[in-house]
Amino acid sequence: MPVGTVSLVGAGPGDPELLTVKARRLLDEADVVLYDSLVSEAIRDLPPASVECIDVGKRGDGERTTQAEINDLLVRRATAGDDVVRLKSGDPCVFGRGGEEAEELAAAGIPLEIVPGVTSAVAGPGLAGVPPTHREHASSLTVVTGHEDPTKADSALDWDALGRSVTAGGTLVILMGVGRLPDNVAALEAAGVDPETPVAMVERASREDEFTVTGTLETITERAREVGIDPPAVTVVGDVVSVRDRVSEYLNAAGTARSTGGPVADDPAVPTE
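Notes on the structure in this doc start here. (Residues numbered from 1 in each chain as written. Predicted model: local features only at pLDDT ≥ 70, side-chain atom pairs only at ≥ 80, totals over all residues. Heavy atoms only, no water.)

**So, the nonpolar core**
What counts, and what does not: To qualify as a nonpolar core, a set must consist of buried Ala, Val, Leu, Ile, Met, Phe, Trp, Tyr and Cys residues joined through side-chain atoms within 4.5 Å. Categorising residues by exposure relies on relative accessible area from a 1.4 Å probe, with only protein chains included: less than 20% of the type maximum marks a residue as buried, more than 50% marks it as exposed, and the intermediate range marks it as partly exposed. Secondary structure elements follow DSSP: runs of H or I no shorter than four residues count as helices, runs of E no shorter than two count as strands, and numbering proceeds from the N terminus. By the convention used here, residues are in contact when the closest approach between their heavy atoms is within 4.5 Å.
Counting residues in hydrophobic clusters, the biggest one holds 23 residues, and the most contacted among them are W159, L172, L188, M201, I220 and I229. Put simply, the parts of the chain that give this core at least two residues each are α6 (159–167), β9 (171–175), α7 (181–190), β10 (198–203), β11 (211–216), α8 (220–227) and β12 (233–237). For this core, the element with the highest residue contribution is α7, accounting for four residues. For L188, the contacting residues outside a window of four places in its chain are W159, G163, L172, V193, L217 and V237. Counting residues in hydrophobic clusters, the runner-up holds 15 residues, among them A11, L19, V33 and V115.

**Notes on the sheet that holds strand β6 (residues 84–88)**
Worth spelling out the cut-off: One requirement defines pairing of two strands: DSSP has to find at least two bridges between them. The convention used is that axes are lines fitted to C-alpha atoms, helices contributing only their stretch in contact, and that angles between N-to-C directions extend from 0 to 180 degrees.
The strand order across the open sheet built from five strands is β3-β2-β6-β1-β7, with neighbouring strands paired in parallel fashion. Of all the strands in the sheet, the pair left with one neighbour each is β3 (52–55) and β7 (112–115). The mean angle between the axes of side-by-side strands here comes to 20°, regardless of whether they run parallel or antiparallel. Two strands pair when backbone bridges link them, and strand β2 (residues 32–35) and β6 are joined in this way by four bridges, in the parallel orientation. Bridge pairing in β6 places V32 opposite V84. Strands in contact with helix α1 (residues 21–29) are β1 (6–10), β2, β6 and β7; relative to β7, the strand with the most contacts, it is inclined by about 135°. Contacts from helix α3 (residues 67–79) reach β1, β2, β3 and β6, with the element oriented near 155° to β6.

**Overview of a nonpolar patch on the surface**
Here is the rule: Candidate patch residues must exceed 30% relative accessible area and have no salt bridge, after which like charges are joined if within 9 Å and Val, Leu, Ile, Met, Phe, Trp or Tyr side chains if within 5 Å. Throughout, the Shrake-Rupley method with a 1.4 Å probe supplies accessible areas, and for residues the shown protein chains are the sole cover considered. Note on definitions: salt bridges are taken to be side-chain nitrogens of Lys or Arg within 4 Å of carboxyl oxygens of Asp or Glu.
A cluster of nonpolar side chains, contributed by V94, F95, V122, L141, V143 and M176, occupies part of the molecular surface with about 420 Å² of accessible area. Mapped onto the fold, V143 is located in strand β8 (residues 141–145). For V143, a relative accessible area of 31% gives the class partly exposed.

**Regarding the packing of α7 against α8**
What counts is decided by this rule: Roughly parallel means an angle under 35 degrees; roughly antiparallel, over 145; roughly perpendicular, 65 to 115; everything else is oblique. Two helices that cross are described as forming a left-handed crossing if the nearer one is turned anticlockwise from the farther one by less than a right angle, and a right-handed crossing if clockwise.
α8 packs onto α7 with a crossing angle of 165° between their chain directions and a minimal axis gap of 9 Å. Judged by the angle between their axes, α7 and α8 are roughly antiparallel. Where α7 crosses over α8, the two elements pack in a sense that is right-handed. Mapping the contact onto sequence places L181, P182 and V185 in α7 and I220, T221 and A224 in α8.

**A look at unusual backbone geometry**
Put simply, P231 and P232 share a cis peptide bond, and its omega is 0°. Considering the arrangement of structural elements, one finds P232 in the loop between α8 and β12. Of note, R97 is a non-glycine position whose phi angle comes to about 60°, a positive value. Residue position: R97 is located in the loop between β6 and α4 (98–107). Unusually for a residue other than glycine, M176 sits at a positive phi of about 60°. On the basis of relative accessibility, which here comes to 34%, the residue M176 falls in the partly exposed class.

This is the structure we're talking about:
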């Protein structure tokens, strides 16, 4: 039996209209789709009934499917002749373990392709009216995982360097950092970042229940607690957050059927200039 193929596909932040044309075609043509828990229900419902869909998601409260089990399933199904779509929220190679899975497939001799997706690191801020870069505010963009404990001695993240980047005018985007928000804020403050630096958090970007809360480095933890920000959410730190105030009134007013700007909880203390 001929060996099948594996496509590592980015599903984007959640709105099916943000899927790439190629991703949509592969979902129709696959024999089996292995999807993560953060892939939206609207996208999970797209494949035809003839396509087998398997939940291999992981959540912060414990792994339902280990990465080793996922790797094994990908290899077994492709070896059996199936064309497999490995469907991941956002982009498969931005904190999505796409690189690890590609290495495993290559080692097993499985033909593979990587189909980029719209990463929430860019989509989340942009949909909320916060451009990650802006000529007058930020000429650099740093994306980090918020899962790491910034207080551990062997952290892979240099919070002093991250703090210097923000202070110099760069934008910092923290993915998957809701649970460690107080620790991450404390680490940035310890690195010398001005407590008045604007911060935004965008929950469930691009979905119908998208929600944005803004504040400053000093206030964002309490603001997020007040409005009940839950994962998945993207945190943006930097002067670009102030742009939101100047565009939010007109966001999604260009004939869209629904507002992807979502409810807002803006902090009046955030500077607009």
